[in-house]
Amino acid sequence: MIKFDNVRFSVKDEKTAEEKIILNDVNLEIRGSNITAITGHNGGGKSTLVKLLMGMEKPTAGKIYYKNKDITSLGVTERARLGFSVAFQQPVRFKGITVGKLLELASGRKRMVGELCEYLSAVGLCAKDYVNREVDSTLSGGELKRIELATALAKGGDVFILDEPEAGIDLWSFEELIKTFSSLADRTVIIVTHQKKILEIADTIVLLNHGTEPQAGTREQMLPLLAESEEVCGKLRRN
Ligand SMILES: Nc1ncnc2c1ncn2[C@@H]1O[C@H](COP(=O)(O)OP(=O)(O)OP(=O)(O)O)[C@@H](O)[C@H]1O
Ligand SMILES: [Mg+2]
């Protein structure tokens, strides 16, 4: 289980030197063996939360616990060692390295091609077409996004953190991806998403809106609430 205890994250505005609060006193418990979806408006702080989870950013105040251990000061490598696996909103390209090699490196040991191909199939890519390709700018946005997801699967571990895994993924592959996410439900899965179909497989939904206390609840509690806020936004847009 992961716990955010009064976590705040702020940055200094370079021009005015004023403090800009991005996450304000976040208290959150993320359960194990559970799919937690994090949703909310653009700029609400979701990717920042992912960076804090992975140790790429450190809280300005507050603590982060994993299985009751204080991990606030641990960096990315140490958290990866604890079993944290991540797929970022904007994947990185690794020129000069093949998809197969990237997956092998992520998995941390020598792998047979067949094993590597399974990870690609799990994200809906025809493995033989991709395993020897370079992770460079010739890959499309959707392909790169899926290769990043396959890398997170290859790394494995107990905690999967996926930031908008649906972005750029076509409708046909989407159903397959949903099945892949559901198959991870015995781990701690945290998915940042704007997609209703992903919210519908989540056990817990967290609504994160800029600087305000996150609202969390079961899917049954949160889906009607989200529908309500969508209606309000729709009215605002219409008026
Ligand atoms: N290092 C930084 N310096 C200044 N502002 C930042 C920094 N990091 C994030 N922000 C701001 O904090 C807010 C939250 O950003 P974040 O990327 O976490 O949003 P998000 O919820 O992931 O949005 P989206 O749905 O568009 O992906 C944004 O307004 C962003 O511009
Ligand atoms: Mg984001």
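Each chain has its residues counted from 1, running along the sequence as written. To read the labels, note that chains go from A and ligands from 1, taken in the order they are written. With pLDDT at 70 or above as the cut-off, local features in this predicted model cover only qualifying residues; side-chain atom pairs require 80 or more to be listed or tallied, and sums for whole chains, interfaces and linings still use all residues. For side-chain calculations, the full set of non-hydrogen atoms in the structure is used, while hydrogens and water are omitted.

Student: Honestly, unusual backbone geometry in this entry has me stumped. Any pointers?
Tutor: In this structure, Asn6 takes a positive phi of about 50 degrees despite not being glycine. For the purposes of this entry, the term helix denotes a DSSP run of H or I that reaches at least four residues, the term strand denotes a run of E that reaches at least two, and both are numbered from the N terminus. Residue placement: Asn6 occurs in strand 1 (residues 2–12). Categorising residues by exposure relies on relative accessible area from a 1.4 Å probe, with only protein chains included: less than 20% of the type maximum marks a residue as buried, more than 50% marks it as exposed, and the intermediate range marks it as partly exposed. Owing to a relative accessible area of 38%, Asn6 belongs among the partly exposed residues under this scheme. With phi around 45 degrees, Ser33 is a residue other than glycine that occupies positive phi space. Within the fold, Ser33 resides in the loop between strand 2 (19–30) and strand 3 (34–39).

Student: Would you mind showing me how to read empty space enclosed by the protein here?
Tutor: Empty space among the atoms becomes visible once a probe the size of a water molecule is rolled across them. A 1.4 Å probe that fits but cannot get out identifies a cavity on a 1 Å grid over protein atoms alone, an open set with protein on both sides within 12 Å along at least five of seven lines counts as a pocket, and a residue lines either if it has an atom within 4 Å of a point. Grid points are joined across faces, edges and corners, and a volume is the space filled by probe spheres set on the points. Overall, the coordinates contain one cavity of 30 Å³ or more when judged by the stated rule. Taken as a whole, the largest cavity spans an internal volume of roughly 30 Å³. Put simply, the parts of the chain that give the lining of the largest cavity at least two residues each are helix 6 (141–155) and helix 7 (171–182). Residue contributions to the lining of the largest cavity peak at three residues, all from helix 7. Of the residues belonging to the lining of the largest cavity, the class tally is seven nonpolar, one polar and no charged. Under the scheme applied, nonpolar residues are Ala, Val, Leu, Ile, Met, Phe, Trp, Tyr, Cys and Pro; charged residues are Asp, Glu, Lys and Arg; polar residues are all the others, including Gly.

Student: Explain the coordination of the magnesium ion (ligand 2) here, please?
Tutor: Think of it this way: four donors in a tetrahedron around the metal ideally sit 109.5 degrees apart, and six in an octahedron ideally sit 90 or 180 degrees apart. Donors, by definition, are the N, O and S atoms found within 2.8 Å of a metal, the threshold being 3.2 Å for Na, K and Ca, and water is not counted, so a site can look incomplete. Coordination sphere of the magnesium ion (ligand 2), protein contribution only: Ser47 (OG) and Gln89 (OE1), at 2.1 to 2.2 Å. On the criterion of sequence distance, the pair formed by Ser47 in helix 1 (residues 46–54) and Gln89 in the loop between strand 6 (84–87) and strand 7 (94–98) is long-range, its members being 42 residues apart. Ser47 gets classed as partly exposed once you look at its relative accessible area, which sits at 21%. Using a relative accessible area of 30% as the deciding quantity, one classes Gln89 as partly exposed.

Student: Before we go on, may I ask you to explain the pattern of salt bridges in this structure?
Tutor: Two side chains bearing opposite charge may form a pair once their charged atoms approach each other closely. Just to be clear on terms, a salt bridge is a Lys or Arg side-chain nitrogen sitting within 4 Å of an Asp or Glu carboxyl oxygen. Per the stated rule, a full pass over the model turns up 13 salt bridges. A salt bridge links Asp129 to Lys128; its shortest N-O distance comes to 3.6 Å. On the basis of relative accessibility, which here comes to 44%, the residue Asp129 falls in the partly exposed class. A salt bridge links Glu176 to Lys179; the nearest nitrogen and oxygen atoms lie 3.2 Å apart.

Student: Can you help me understand the sheet that holds strand 12 (residues 215–218) in this one?
Tutor: Adjacent strands of a sheet pair through backbone hydrogen bonds, lying either parallel or antiparallel. A sheet is described by the order of its strands in space; here six strands give the open sequence 6-9-10-3-11-12, paired in mixed fashion. What marks the edges here is a single partner per strand, and that holds for strand 6 and strand 12. Averaged over all pairs of adjacent strands, the angle between their axes in this sheet comes to 15 degrees, without regard to strand direction. Here strand 6 runs beside strand 9 (residues 159–163); their pairing, made up of four bridges, is parallel. The residue of strand 9 that forms the bridge with Ala87 is Leu162. Each pair of strands is called paired provided DSSP finds at least two bridges between the two strands. Axis angles are defined between N-to-C directions and span 0 to 180 degrees, where every axis is a line fitted to C-alpha atoms and, for a helix, only to the segment in contact.

Student: Looking at this structure, I do not really get the packing of aromatic side chains. What am I missing?
Tutor: By convention here, two paired aromatic rings are described through the distance between centres and the angle between planes. Here a pair means two rings of Phe, Tyr or Trp (six-membered ring of Trp) with centres within 6.5 Å. Their orientation is stacked below 30 degrees between planes, edge-to-face above 60, and tilted elsewhere. The full count for this structure, using the stated rule, is one aromatic pair. A ring pair is formed by Tyr66 and Phe84, whose centres lie 4.9 Å apart and whose planes are at 85 degrees; its orientation type is edge-to-face. Remark: Phe84 occurs in strand 6 and Tyr66 occurs in strand 4 (residues 61–66); sequence separation between them is 18 residues. Judged by its relative accessible area of 6%, Tyr66 falls in the buried class. According to the relative accessible area criterion, Phe84 is buried, its value standing at 1%.

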